[in-house]
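Per-entry structural report
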Amino acid sequence: MEQENCSAFMMTRKRKSQEENCISSTFLMDELNEDLLEGVLSRLPISAFFRLSSVCKRWKSVANSSSFKLACSQIPSRDPWFFMVDSHLNRSIVFDSAEKNWKKLNHPPLLQTNSNCNSMPVSASGGFICFRNSYGNFVVCNPVTGSCNEQPPLDPALQSLTFHAIVMSSCPNKHDQSSYRLVVVFGELPKLSFRVYNSSSGCWEEEITLCKKFNDDDNSKELDDSTDFDSNDDSAVYFLSKAGNVVATNMQRSPSKQYSSVITNKDGEEIVHFLSSSGSIVACNLTSKCFIEYPRLLPVFYEYSIDLVECGGRMLVVLLSEFFESASLRVWCYDEDVRSWQQIAAMPPAMSHEWYGKNVDINCVGAGDQILICLSSAEISSCVMCDLAANEWVELPKCYVDGEAIKFMSAFSFQPRIEASL
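Attention in this report is confined to the structure presented alongside it.

Among the structural elements, Asn-285 can be located in strand β18 (residues 281–285). Accessibility expressed as a relative area gives 11% for Asn-285, which makes it buried. Within the local environment of Asn-285, its side chain forms a polar contact with the backbone nitrogen of Thr-287, the two atoms lying 2.9 Å apart. Only 2.9 Å separates the side chain of Asn-285 from the backbone nitrogen of Ser-288, close enough to count as a polar contact.

So this is what it looks like as structure tokens:
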């Protein structure tokens, strides 16, 4: 009997101890000063921010305060979200790489107006995504908060020119999450130019002409207007495919990736890389105001799908091709020292073989060491995440809306930041 009483006493003490610890923890959280509370809450996953206002009055006040947004800006980086593009351009679906799930966001109100309805996403950087409407004007948006800003229109004369690249870059000040630059490259090869919109000044800068620079064994020289240039360098070449179909080498890209391009910064020089209509890769050095063309990965007569990504500050090429009755998806990096392409990753053959003979188009986006690849054809579609550091390839779960699986054409990566305002 005495032993039973002792056991009951110990159980009661243990339960009281647990309750006291719980009360103590709650008490400590309540006693945190405003700065500490904001610092703790700023480190929560972004998806938790939507629920802060419903916890208590104090947390609701914190979530709406400017000092809390300042605390959020101190977080150097967040796990990327991927803004997905499908045939319906009036909705916002993202893949959360931290929680490994799909989220549906409220579509920004400005993009639901008549003038901006069905605007196409064309670029992203930091916490922003840039859309282009049917009039050729740009709208920059924070998809998390829904805040938007329509950029001043470009000169009407430029709207009729061929746009090759549209890229965004965040400004160097890591504590200012609201500053960005928008770069457009346009013209007809080899006569290219670019213009830059700077959010700090709120206007477009002057047009700058790019000259062609090409390397030989001894030195490099620039191409001026007096130099003869093959005007058909970027024209289509037609050939007979293995299936007996007539194929053009012009890249028929998904509308959301027709300006497929990335921007990198190497030794203080900004370089915009884009795919020409024939599939060659062009690198425009905005600092030295010149451009070069990289050697082709495959001969012009091969059938393949190709896209560019930026990963860890490098421009990489993702290429899907068919060899020996199978499909191969590989990631390549250009080695400037030896002037050749080096393979750095390859999808396991068991995965890539599924795409053989399906006439698949790939559209890719990079974020850190990750590449999200959207593979689509008339028959099947899929999204695959490649982790370059771990050399892992994982197919993402299907996303269902109203019971229907969504076929995504492409994606854009951004950092979910509630403090990035417009």
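Attention now moves to the side chain of Ser-326. Mapped onto the elements of the fold, Ser-326 is located in strand β22 (residues 326–335). In this view, Ser-326 contacts Ser-321, His-353 and Tyr-356; residues no more than four positions away in its chain are not counted.

Let's shift gears to the packing of aromatic side chains. Tallying each qualifying case throughout the model produces 12 aromatic pairs. Summarising the aromatic geometry, the rings of Trp-102 and Phe-408 are spaced 5.2 Å apart at their centres and angled 25 degrees between planes, so their arrangement reads as stacked. Here Trp-102 is found in strand β3 (residues 101–105), whereas its partner Phe-408 is found in the loop between β29 (404–405) and β30 (410–414), with 306 residues between them in sequence. With a relative accessible area of 4%, Phe-408 lands in the buried category. Ring geometry for Tyr-294 and Tyr-334: centres 4.4 Å apart, planes at 35 degrees, overall tilted. With Tyr-294 in the loop between β19 (290–293) and β20 (304–311) and Tyr-334 in strand β22, this residue pair connects regions lying 40 residues apart in the sequence. An aromatic cluster of three or more residues is present, and its members are Phe-128, Phe-138, Tyr-180, Tyr-197 and Trp-204. Lying across the ring of Phe-163, Arg-132 places its NZ or CZ 4.5 Å from the centre.

Our next topic: unusual backbone geometry. In this model, Leu-189 is joined to Pro-190 through a cis peptide bond whose omega is 5 degrees. Secondary-structure assignment places Pro-190 in the loop between β9 (180–188) and β10 (191–198). In this structure, Lys-289 is a non-glycine residue whose phi angle is positive, near 60 degrees. With respect to the helices and strands, Lys-289 occurs in the loop between β18 and β19. Since its relative accessible area comes to 36%, Lys-289 is described here as partly exposed. Although it is not a glycine, Asn-359 adopts a positive phi angle of roughly 55 degrees. Here Asn-359 is to be found in the loop between α7 (349–352) and β24 (361–367).

Moving on, we come to empty space enclosed by the protein. Any empty space left between the atoms is revealed when a probe the size of a water molecule rolls over them. Enumeration over the complete set of coordinates arrives at 3 cavities of 30 Å³ or more. The space that makes up the largest cavity amounts to roughly 80 Å³. What lines the largest cavity is simply Trp-102, Ser-381, Ser-382, Cys-383, Leu-396, Pro-397, Lys-398, Cys-399, Ile-406, Lys-407 and Phe-408. Top contributing element to the lining of the largest cavity by residue count: strand β26 (residues 381–387), with 3 residues. Across the lining of the largest cavity, the residue classes break down as 7 nonpolar, 2 polar and 2 charged. One number sums up the size of the second largest cavity: a volume of about 70 Å³. Considering the residues around the second largest cavity, the lining is formed by Gly-279, Ser-280, Ile-281, Tyr-294, Pro-295, Arg-296, Leu-297, Leu-298, Tyr-304, Ile-306, Leu-319 and Trp-341. Considered class by class, the residues forming the lining of the second largest cavity number 9 nonpolar, 2 polar and 1 charged.

What counts, and where the lines are drawn
Residues numbered from 1 in each chain as written. Predicted model: local features only at pLDDT ≥ 70, side-chain atom pairs only at ≥ 80, totals over all residues. Heavy atoms only, no water. Helix = DSSP H or I, 4+ residues; strand = E, 2+ residues; numbered from the N terminus. Buried < 20%, exposed > 50% of the residue type's maximum accessible area, 1.4 Å probe, protein only. Polar contact = N/O pair within 3.5 Å; in protein donor to acceptor, adjacent residues only side chain to side chain. Contact = heavy atoms within 4.5 Å. Phe/Tyr/Trp six-rings, centres within 6.5 Å; stacked < 30°, edge-to-face > 60°. Lys NZ or Arg CZ within 6 Å of the ring centre and 35° of its normal. 1 Å grid on protein atoms, 1.4 Å probe; cavity = no way out; pocket = protein on both sides within 12 Å on 5 of 7 lines; lining within 4 Å. Points joined across faces, edges and corners; volume = space filled by probe spheres on them. Nonpolar A, V, L, I, M, F, W, Y, C, P; charged D, E, K, R; others polar.

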